[in-house]
Amino acid sequence: MLFRLFTLVLLLTCWWVSGQQLLPPIQNYQLLDYKGGSKNWDLSVNEKGELFVANNKGLLHFNGEEWSLNKLPNNTIIRSVESIGDRVYTGSYEEFGYWAKNEFGELDYTSLTHLIEEHTFTSEEFWEIFPSKNGKVMFRSFSAIYAYGNDEISVVDPTEVVSDFIEFKDHLVVAGGSLGLFEVKGEALEPLPDQGLLIGKTVNDMALFEGELLIGTKLHGCFLYDGKTLAPWSAPLNKELKQHQLNKITPLGGGLLGFGTIKNGMYLYDSASKQYRVLNRESGLQNNTVLSSLLFNDQLWLGLDNGIARVRLNNSISYYTDYTGSLGMVYDIAWFNNTLFLGSNTGVFYFEGNQLKFVEGSQGHVWDLEVLEGELLCGHNTGTYKVSKDSFEILSEISGGYQLIKVPDQNNTYVQGTYNGLAMFHKLENGEWEVKRIEGFGAPVKQLCFETPDILWVAHPYKGFFRIHFEEGAYDRIDRVQSFGHEDAPSEYNVKLYNIKNKIVLNSEGTWYGYNPIGDHIEKFDEFAEYRNKELLFYDEAYFWFVDDEEQKTIIHTNLRGDSLIVTDLPLRERLAPDSQKMVEFNDSISYITLNDGFAEINDLHLKSNSELQEIPVPGFMMMRDQKQKHSISGGAVEVPFRHSKSITVEIASPEYISPHYYYELHGPQEYSEYSENGFINFQNLPFGDYSLKVATVGVGNAISDFNTFNFQIAPPWYFSWWSLFIYAALALLTGYLVRRHNRRKLDRKHRELEERMYHEQQERMAKMEKEELAKEVKLKQNELASTTLNIARKNEVILELKNMLVMNKDKFSNSQRYRTFIKKLNSSIEDTEDWKRFEVNFKELHEDFFERLLKSYPSLTPKDLKLCAYLKMNLSTKEIAPLMGITVRGVEIHRYRLRKKLDMDSSENLSNFLITF
């Protein structure tokens, strides 16, 4: 605490000893931000840093991330507020009570007026609340004082108007309007001694200051009272307070005081130096009427007539802002003759006291301000000038002085990059400047740096970079120009050049390169690989200042060896000018950064010490929301239904920080670890299961606080609930049983099918075997029939031959009777019925119903026709048939012909084929 007081005093002292109006960053909250009424009558914070505001429309609550408006049941204006423990007491019209958070972190109201006995309100509004040392809560209206404790309310109802009250030296002191000060004794007021100076002066605020009572009046300034003697406050500020109507007094610690006025904002006063600075519309406040003020952890809250403001007093960065618009964007800063000069797009300005003044004749774009050879030179759109408060003297008419640097190892000689080439500046012994255009290079040069006294690197705004060689000792002409065009060379657009510890370093489109003099080529610069997409703002022998890309604009202060911190000051990030920011070192501890509407002063020592000693607050969990409802986090782990878990938002806050950043880790079925720019952490489509969310506040230098942990569970979907799983198990068992049963039936069916198939196969094999046997028998019978038929035919042929021989030798028979007997026997042998019967039996075995079917179809057939048909069915030829029938071949043919007629066959049809297929 002592360190903070010391640094706060030191910081404010720096403001007052410097010539310009440098102020801490101011963050304004407008009606659209907090969505309440315009007037903010009173302020209070709890131990966590959450803000409560008595507002025209109700009680405003700010948890560090989000504003909420809480209205009274009768919707009246809230005039006073005080956070005590876990309650927030408020006072309004004929009503006072307290608010307490419910399980969802929302504020619920409880009225206390029902505890008042034997007292009637007289159109009272309660303007002030404070906790007394005896444990009671005191409420003040203009008519009375109410003390609440142990569920009882006691009332002090004086005849005087009560305009303020305070505890002073263990006494309750009351300001009686324009009648002076009184002490409360019992239920009466007794005047304090020596009150003559306050008679007729309206007292509107009192504060304890260095053991005395500092009394503020409406139009007559402040007075000091030690308990016995009253005297006017002798500070020079008292005159300002009388003029601008004092309203609130806020002790800031360490001899510092804050005075809120009705007409001119907030005065920050240092009692040691007797100096003050003003926070008003000209310095960034949105309104000049301060209705309430409050200090919490070096943050000054201001309740305004229109809006709310927060000022970070103990800040390492202070700002000058030109709200008139005449300054424009600042491009360079120089300290010359104990005066701070600014070069902007509208000209050159300087500070005289707290006033920003313009150097006459300097209108136009200023690119560069350099203190050289005891003079201030300005690189201007129209040329180069020598500057003082009262003059703007031209030195060179070469337009566009981008940058002017000294030639190494040369006295009084400088080289300048311009719109159309290079220029040499040399200061003569008589004090005059000699300026020459350097021949041999006519392109624009926005940035340049020397590698050696004879080698200069220059950067063209659009066409890359070049390595220029001068003739030794001559800087008015160029010997040769070297360019680099290999495949891995940097882009030609907007290249930036630096000489870092005698090494040429280039930045192109966020990538860092270095020049290798041994290989004479450009290569990646690994030392800056970690700082890709960052611009080098400033560097010295020990530290480097990098600024992040256009989106973040975070400033990194590092020595490249682990000692680094990140400057995340929101006003600085919002006001940096892309590609045009510049940092100027004033001394070992103070640096300036150009902004788009002014400049910032960084106290390096304070920045480092503040980052080391400041304790980073642990963030708190406010609430959890799913797609359908909000969940209380006060009762431990939260269970979110799966059907509402597609989008989950966890609200966190760290009220003690201005615009805090956070780091969070999510552990569970799905894991994340990321940084968050605000206090609303959203998760999409998380799988069900148990999760643990760890959150920490990110401080200066990317340091993080201790983690705060919150556990929640996403319930499984209905199809993964325990009863669903039970049903699934039962269904699985039933399915297994049914599958087993089905498989058993299928197996049985397969067995039956296999048995049937085996039976059918066996039957088929047996039928086949039988068929084969039958075929064999048929074949055998056919063979037997053919053999029998052949034998009969041969026998008949022999008999016919014998008959023919007998017929031919008929004359040789002496006995004709004997001849006839022989012939008769031979004919009988040929017509032997036994042969035919045997043939018929064998034939019918092969063709059992042939004769029946044939006779059925052709009843006119004779037995001889049937014989011929049988022989033809056996596919015997006419020659073979003739012996069997005992006739000649011709006879067979004639018989065939007759048979054809009986069968009614066409001559074109084959008789044998017909009978074979019949």
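Throughout this description, residue numbers start from 1 for each chain and increase along the sequence as written. Reporting in this predicted model follows two pLDDT cut-offs: at least 70 for local features of residues, and 80 or more for side-chain atom pairs to be given and counted; totals over whole chains, interfaces and linings ignore these cut-offs and use all residues. Each side-chain value is derived from all of the structure's non-hydrogen atoms; neither hydrogens nor water enter the calculation.

Describing the overall build of the protein chain
In this text, helices come from DSSP runs of H or I with a minimum length of four residues, and strands from runs of E with a minimum of two, each type numbered from the N-terminal end. Along the protein chain, the regular secondary structure elements total 13 helices and 65 strands. Throughout, the radius of gyration refers to the C-alpha atoms, and the reference size of a globule is 2.2 Å times the residue count to the power 0.38. Taken over C-alpha atoms, the radius of gyration comes to 60 Å for the protein chain, far larger than the 29 Å a tight globule of 918 residues would show. Across its three principal directions, the C-alpha atoms of the protein chain cover 205 × 100 × 45 Å. Relative accessibility thresholds used throughout: buried, under 20% of the residue-type maximum; exposed, over 50%; partly exposed, between the two (1.4 Å probe, protein chains only). When burial is assessed residue by residue, the protein chain has 50% of its 918 residues classed as buried. Taking the contacts inside the protein chain whose residues are at least 6 apart along the sequence as the reference set, 49% of them involve residues at least 24 apart. Throughout, the Shrake-Rupley method with a 1.4 Å probe supplies accessible areas, and for residues the shown protein chains are the sole cover considered. Split by element, the accessible area of the protein chain, about 45400 Å² in all, is 49% carbon and sulfur. Charge separation in the protein chain, taken as the distance between the mean sites of 95 positive and 126 negative side-chain charges, equals 22 Å. Working rule for contacts: check all heavy atoms of both residues, and any pair within 4.5 Å makes them a contact. A positive count includes Lys and Arg, and a negative count includes Asp and Glu. His and the chain ends are not counted in either. For charged residues, the charge sits on one atom: NZ in Lys, CZ in Arg, CG in Asp, CD in Glu.

Considering the sheet that holds strand β51 (residues 544-547)
Strands sit in the order β50-β51-β52-β53 across an open sheet of four strands; the sheet is antiparallel. Each end of this open sheet is capped by a strand with a single partner; those strands are β50 (535-539) and β53 (564-567). Strand-to-strand twist of the sheet, defined as the mean angle between neighbouring strand axes without regard to direction, takes the value 20°. In this description, strands pair whenever DSSP reports at least two bridges between them. Of the pairings in the sheet, the one linking strand β52 (residues 555-558) to β53 comprises four bridges and is antiparallel in character. When the bridges of β53 are listed, T558 appears paired with S564. To get an axis, fit a line to the C-alpha atoms, keeping to the stretch in contact for a helix; angles then go from 0 to 180 degrees between the N-to-C directions.

Describing the sheet that holds strand β28 (residues 307-312)
In a beta sheet, neighbouring strands pair by backbone hydrogen bonds and run either parallel or antiparallel. Sheet architecture is open: four strands sit in the order β1-β28-β27-β26, paired in antiparallel fashion. Of all the strands in the sheet, just β1 (26-29) and β26 (290-296) have a single pairing partner and so form its edges. Shown here is a sheet whose adjacent strand axes are inclined to one another by a mean of 20°, direction ignored. Here strand β27 (residues 299-304) pairs with β28 via six bridges, running antiparallel. In the sheet register, L302 faces β28, and the bridge partner there is A309.

Quick look at the confidence of the model for the protein chain
The predictor's confidence in any single residue is recorded as pLDDT, a number from 0 to 100. The pLDDT averaged across the protein chain works out to 86; a share of 94% of its residues lies at or above 70. For the stretch residues 1-20, pLDDT sits under 50, and the model shows 51 contacts to residues farther than four places along the chain or on other chains.

Here we look at a negative patch on the surface
Together, E117, E118, D151 and E152 make up a region of like negative charge exposed at the surface. Along the chain, the position of E117 falls in the loop between β9 (107-111) and β10 (126-131). Given the relative accessible area of 65%, E117 is considered exposed. For patches, a residue must show more than 30% relative accessible area and have no salt bridge; joins then use 9 Å for like charges and 5 Å for nonpolar side chains, namely Val, Leu, Ile, Met, Phe, Trp and Tyr. One speaks of a salt bridge when a side-chain nitrogen belonging to Lys or Arg is within 4 Å of a carboxyl oxygen belonging to Asp or Glu.

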